[in-house]
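What follows is each chain in one-letter form.
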Amino acid sequence: MSLRISRRKFLAGIGALAGAGAASSIPSYGLFEPALYPPMDLSYFNTPIAAAPADIQIGYASITWDGNDRQAIEDIGALGFHGIQLRANALKEFGSASELRDVLQKRQLKLVALSSGNVNIDPAAEKDQIALHTANAKFVHDVGGLYLQVIDQKPKDRAVTDADCKRLGKLLTEIGKRTADLGIKLGYHNHMGTISEQPDALERVLDASNPRYAKLELDVAHYFQGGGDPATAIQKHADRLLFLHIKDVEPAPAEADSRGRPYRWVELGQGKVDLPAVFDSLHKVKFRGWAIVELDAVPDKSKTPKDSAAISKKYLEERLGVTV
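Residues numbered from 1 in each chain as written. Predicted model: local features only at pLDDT ≥ 70, side-chain atom pairs only at ≥ 80, totals over all residues. Heavy atoms only, no water.

(A) Inspection of the nonpolar core at higher detail. Counting 71 residues, the largest nonpolar core has Ile-58, Leu-172, Leu-218, Leu-244, Ile-246, Phe-279 and Leu-282 as its most contacted members. Among all residues touching Leu-244, those that are not within four sequence positions of it are Glu-217, Leu-218, Val-220, Ile-234, Leu-282, Phe-287, Trp-290, Ala-291 and Ile-292. Grouped together as the second largest cluster of nonpolar side chains are nine residues, Ala-61, Phe-243, Trp-290 and Ile-292 included. (Core = buried A, V, L, I, M, F, W, Y, C linked by side-chain atoms within 4.5 Å. Buried < 20%, exposed > 50% of the residue type's maximum accessible area, 1.4 Å probe, protein only. Contact = heavy atoms within 4.5 Å.)

Below, the structure written as structure tokens:
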């Protein structure tokens, strides 16, 4: 039997149901079903969540010990630092990643970063470059470390071009993709004598690379020596800043540098870098991560690498109020 309801009767029935729902003691949020949950006050979400304060962790680089990493680990740990940066020679020094991990754990040190060496932008070397730095990232992963640092090789006997910056940016991206697969972030280190020696060239390299895979490892003294203001760079690149080298530099005394450089690296507070402004910027951008104190070589040969590290630690704690 066919059942037909006229349009007028259908609309009248819907109206009756609506009236019955309105008269019911249970609120009707659908045609027939009551609400599952009471109404929510969404005004809470109108207030933005404040960013967490800066949390700067201080480590120290082993480069001052000139390859004697076991002594560097011993001294850096004894001074109370909780993080360390090693260079690629550590792969030969320690028989395995597990051995290095055990040595670091005994001194309660975290492998913050491994200096993986230079990146050669020659297209013919690309495959080998990617393989080399990916292998080093695997070592960092196995040790339980955080980051891989790379610099670059500046073209010889000619000026840096836009093409060089673009080529380097693309290669950093490709390396960073591989290291990211291992859970290791890639930090590009600005450095004197490289493509990124001048701040404007660093900008071009960063612009040419993918910020998801190629981060900035800012060296404040190299940036200063190259003509830039590191405190400003921190604020400009806050979203891309992976970790830092906290370092100081002064004009080289006459005949002090056998390489003929017009500058030399010194302990913190002994040079020209405005380190208070650097840390002020880090707090302004609420930086949360590692700052590695670095000194390439002891400037006063009567001191040991540990002596120099102690000088820098004292400056951080007594002059800047930074807890190591």
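So, next bit.
(B) Main features of the packing of aromatic side chains. Per the counting criterion, the structure on display carries four aromatic pairs. Look at Tyr-60 and Trp-65: their rings are 5.9 Å apart centre to centre, the planes differ by 85 degrees, and that puts the pair in the edge-to-face class. Classification of Tyr-60 as buried rests on a relative accessible area of 0%. Plain terms: the ring middles of Tyr-147 and Phe-243 are 5.4 Å apart, the flat faces sit at 10 degrees to each other, and that makes the pair stacked. Of this pair, Tyr-147 sits in strand β4 (residues 147–150) while Phe-243 sits in strand β7 (residues 241–246), and the two are 96 residues apart along the sequence. The exposure classification of Tyr-147 matches that of Phe-243, with both residues buried. (Phe/Tyr/Trp six-rings, centres within 6.5 Å; stacked < 30°, edge-to-face > 60°. Helix = DSSP H or I, 4+ residues; strand = E, 2+ residues; numbered from the N terminus.)

(C) Geometry of helix α10 (residues 275–284). Those residues of α10 that fall on the buried side of the exposure criterion are Leu-275, Val-278, Phe-279, Ser-281 and Leu-282. One face of α10 carries all of its buried residues, which in axial projection span an arc of 155 degrees. Residues of α10 that are buried in the fold lie against β1 (55–61), α8 (220–225), α9 (230–236), β7, β8 (248–251) and α11 (305–319). Phi for Lys-286, located one or two positions after α10, is positive at around 55 degrees. (Arc of directions from axis to C-beta.)

(D) Representation of the pattern of salt bridges. Tallied over the entire structure, the rule returns 17 salt bridges. The shortest N-O distance in the salt bridge between Arg-204 and Asp-162 comes to 2.4 Å. With a gap of 42 residues between them, Arg-204 in helix α7 (residues 199–208) and Asp-162 in helix α6 (residues 162–181) connect regions that are remote in the sequence. Looking at Arg-204, the relative accessible area reads 28%, which means it is partly exposed. Looking at Asp-162, the relative accessible area reads 44%, which means it is partly exposed. (Salt bridge = Lys/Arg side-chain N within 4 Å of Asp/Glu carboxyl O.)

(E) Spatial organisation of unusual backbone geometry. Backbone geometry at Gln-108 places phi at a positive 55 degrees, although glycine is not the residue there. Relative to the elements of secondary structure, Gln-108 occurs in the loop between α4 (97–106) and β3 (110–115). With a phi angle near 55 degrees, Lys-286 is a residue other than glycine that sits in the positive phi range. In this fold, Lys-286 is placed in the loop between α10 and β10 (288–293).

(F) Looking closely at the environment of Ile-130. Mapped onto the fold, Ile-130 is located in helix α5 (residues 126–143). For the pair Ile-130 and Glu-174, spaced 44 residues apart in sequence, the C-alpha separation works out to 7.4 Å. With near-sequence residues (within four places) excluded, Ile-130 lies in contact with Leu-171, Glu-174, Ile-175 and Arg-178.

(G) How the structure looks around the pairing of strand β6 (residues 214–219). Where burial is concerned, most of β6 is hidden: six out of the six residues are buried. Residues Ala-214, Leu-216 and Leu-218 line one face of β6 and the alternating positions Lys-215, Glu-217 and Asp-219 line the opposite face, and both faces are buried. Pairing of strand β5 (residues 185–189) with β6 involves four bridges; the strand directions are parallel. The partner of Gly-187 across the bridge, within β6, is Lys-215. In this view, the connection linking β5 to its parallel neighbour β6 by way of α7 has right-handed handedness. Examined bridge by bridge, β6 and β7 share four bridges and lie parallel to one another. Residue pairing for β7: Leu-218 is matched across the bridge by Leu-244. (Pairing = 2+ DSSP bridges. Right-handed = clockwise from strand over helix to strand, strands pointing away.)

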